[in-house]
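Structural description and commentary
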Amino acid sequence: MTATSPDPTGLPYHRMARYSPHHRWWRPLLGTVVLVFGSVLATVFLYILTDVIGTAAGYPELPDGGTDFGPVLGTGLDLAFIAVDLPLVLLAVLWLGRRPAGTVASVTGRPRWRWLAWCLLAAVPPMVLLPVVAIFLPDDQGDGGGSDVWVGWQTFLLSLAMLVVLVPLQSAAEEYVFRGWLLQAAGAFLRSPWLAVLPQAVLFAAAHGWGTPWGFADLLVFGAVAGLLTIRTGGLEASIALHALNNLLAFGLSAMYVDGLASDETAADAPWQLALVDMASVLLFAAIVLRLARRRHPQHLSAPVPEPIPPHLLPYVPPQGAYWPYAQAPGAYGPYPQQAPGGYGPYPQQAPGAYGPYPPGSHGAYPPPGAHGAYAPPPPSNGAVPGPAAAPSGPDGPGSAGSGADAPGPAAPSDPDGPSPAALGSTASSPVLPGDAPGPDGSSPAAPGDLPGPDGSSHPAPGAASDSAVPSSAAPGDAPSPAVPRPAAPGDAPSPAVPSSAAPGDTPGSAEPSPAAPRLAAPGDAPSPDGTGPAVPAPADPPSRQPGGPQES
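The notes below deal with the structure included here.

Cut-offs used in this document
- Residues numbered from 1 in each chain as written.
- Predicted model: local features only at pLDDT ≥ 70, side-chain atom pairs only at ≥ 80, totals over all residues.
- Heavy atoms only, no water.
- Phe/Tyr/Trp six-rings, centres within 6.5 Å; stacked < 30°, edge-to-face > 60°.
- Helix = DSSP H or I, 4+ residues; strand = E, 2+ residues; numbered from the N terminus.
- Buried < 20%, exposed > 50% of the residue type's maximum accessible area, 1.4 Å probe, protein only.
- Lys NZ or Arg CZ within 6 Å of the ring centre and 35° of its normal.
- Axes fitted to C-alpha atoms, helices over the stretch in contact; angles between N-to-C directions.
- Parallel < 35°, antiparallel > 145°, perpendicular 65-115°, else oblique.
- Nonpolar A, V, L, I, M, F, W, Y, C, P; charged D, E, K, R; others polar.
- Patch = residues over 30% accessible without salt bridge, like charges linked within 9 Å, V, L, I, M, F, W, Y side chains within 5 Å.
- Areas by Shrake-Rupley, 256 points an atom, 1.4 Å probe, with all protein chains shown as cover.
- Salt bridge = Lys/Arg side-chain N within 4 Å of Asp/Glu carboxyl O.

This paragraph deals with the packing of aromatic side chains. The geometry of an aromatic ring pair is captured by the separation of the ring centres together with the interplanar angle, meaning the angle of the planes. Going through the model one piece at a time under the given rule, you end up with 8 aromatic pairs. Geometrically, the ring pair formed by Y59 and F69 is tilted, given 5.0 Å between the ring centres and 50° between the ring planes. Separated by 10 residues along the polypeptide, Y59 in the loop between α1 (26-57) and α2 (71-83) and F69 in the loop between α1 and α2 bring together distant segments of the chain. Pairing W210 with F216 gives two aromatic rings, centres 4.7 Å apart and planes at 15°, and the pair type is stacked. With relative accessibility at 17%, the residue F216 sits in the buried group. Joined through ring pairs, the aromatic side chains of W150, W153 and F156 make up one cluster. We note R179 situated over the ring of F204; from NZ or CZ to the ring centre the distance is 4.3 Å.

Rendered as structure tokens:
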């Protein structure tokens, strides 16, 4: 297993108790006391519970007052009671250490399963060598309470299955307590790894009881070597592998014989021959693991210690509720009183009807609606009935002698109810509209489509809408005629300077056009000999042939 180069600012395994922004010097001490008392209380509670269950189930009673569950079940209960310490350590790291629970497993914050597999392979040769050498050792340990009678395959396989399940848990629990919590608790105060491994090694040997000095020394060496391997490799994988295989070998050999598992002997009671062989196997395992570590490079330093979060970056928690310091009154609108029920809130609802609170059908001081809405048209000032404006009359108006009629025509019949068609068809010139540009000589601009004459004046092109000297804009709705000039709209004032051409129905006058303002040629006029204008005006078309003009029946 290869790993990236660790950050030099990280911590080694025995200093991982400081891997927390909330580390305080008293936390490792408090956690150790809580862990010891918690382990004792949990063990006592489980023993009492199993005794009660065993007595109720009819199991025999031991001379010391306990319940005899048999060698297989009794050994399984003892291993399970030790395995309970594993979750206790994780809770102590998480709650009292204020750091991730995985930091007790390795510097990476989690168990490294691949590295654990390599360590298990490294533990196989020493554990095979140990029983082989022990066979040739002289047996001077005496009767330890067991016998050399084979228990049978059924009992052995049942015992082996129980051991395979519980021994790894029991071994891991012991490693988490001694090489985990206790090693890191000592490392919180001691920087040297050699000094940090001594307290947990002594406590580990003492926890197995005071047997022979050689047995105690064997356990002390085991604890020290396992602690150093843990610091060197950055995790508990090597020590768990060695401890689990060692215990499996010891319990497996005991399970082969009758009452072998019922023996009270531990590793602390080992004779000097077996203790020396066991220490040699531990040192051999350490050499293999260190060689693997040089090739696989497991991570042995943690990541940089997390910095404490500044107070201004912490999420704000209101001290007295979401609306502190203002107390929100119950209701949909907060502290304000809720509106009275109704379509208009606190205001009284309008009375039914199309006009709200006003009585239907009433219009107040205004007259009822008629042809002009709610308002009547203003009365005329002279009492006359309003109507279309009458055609102007006078010396220059239509029908007068000075109108400049070109051809005689029948007089238009008078209409008592309105103006005559002749008045509406007058050819009086319309005033120049805003936006018209003056001509080159200062005269009125030529109408669109007029052709310039030889003298610079403009002549209407064929199909022009007017024959007057001053062009006018057509009123909306007027249809231009190619032969008849545009009739004057009602209310237009005739120009005194420029005579207008006679329209059909006008009364011919006696006055001649002014020589200062010659009449422009109209469509159909014969050209003069000199080309300047018409010599003889052409007769106008009958009214019946003029497009858009009044027709006589």
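As a further point, take the packing of helix α7 (residues 213-233) against helix α9 (residues 272-296). To describe two helices that pack against each other, one gives the angle between their axes and the distance between the axes. Taken N-terminus to C-terminus, the directions of α7 and α9 make an angle of 5°; their axes are 9 Å apart at the nearest point. Classified by the interaxial angle, the pair formed by α7 and α9 is roughly parallel. By residue class, the composition of the contact of α7 with α9 is 17 nonpolar, 2 polar and 4 charged.

A word on a nonpolar patch on the surface. A cluster of nonpolar side chains, W25, W26, L29, L30, V34, F189, L190, L195 and L198, forms an exposed patch at the surface whose accessible area comes to about 870 Å². When residues of the nonpolar patch are traced back to their parent elements, those giving at least two are α1 and α6 (193-207). If one sorts the elements of the nonpolar patch by residue count, α1 sits on top with 4 residues. Relative to the helices and strands, L30 is located in helix α1.

Counting across every chain of the model gives 2 salt bridges. Put simply, E237 and R112 hold a salt bridge, and the shortest N to O gap is 2.9 Å. With E237 in helix α8 (residues 237-255) and R112 in the loop between α3 (85-96) and α4 (113-135), the pair connects residues that are 125 residues apart, well separated along the chain. The same class applies to E237 as to R112, namely buried. Notably, a salt bridge pairs R179 with E175, separated by 2.6 Å at the nearest N-O pair. Taken together, the residues span about one helical turn, with R179 and E175 both in helix α5 (residues 153-187) at a distance of 4 residues. This pair shows no difference in class: R179 is buried, exactly as E175 is.

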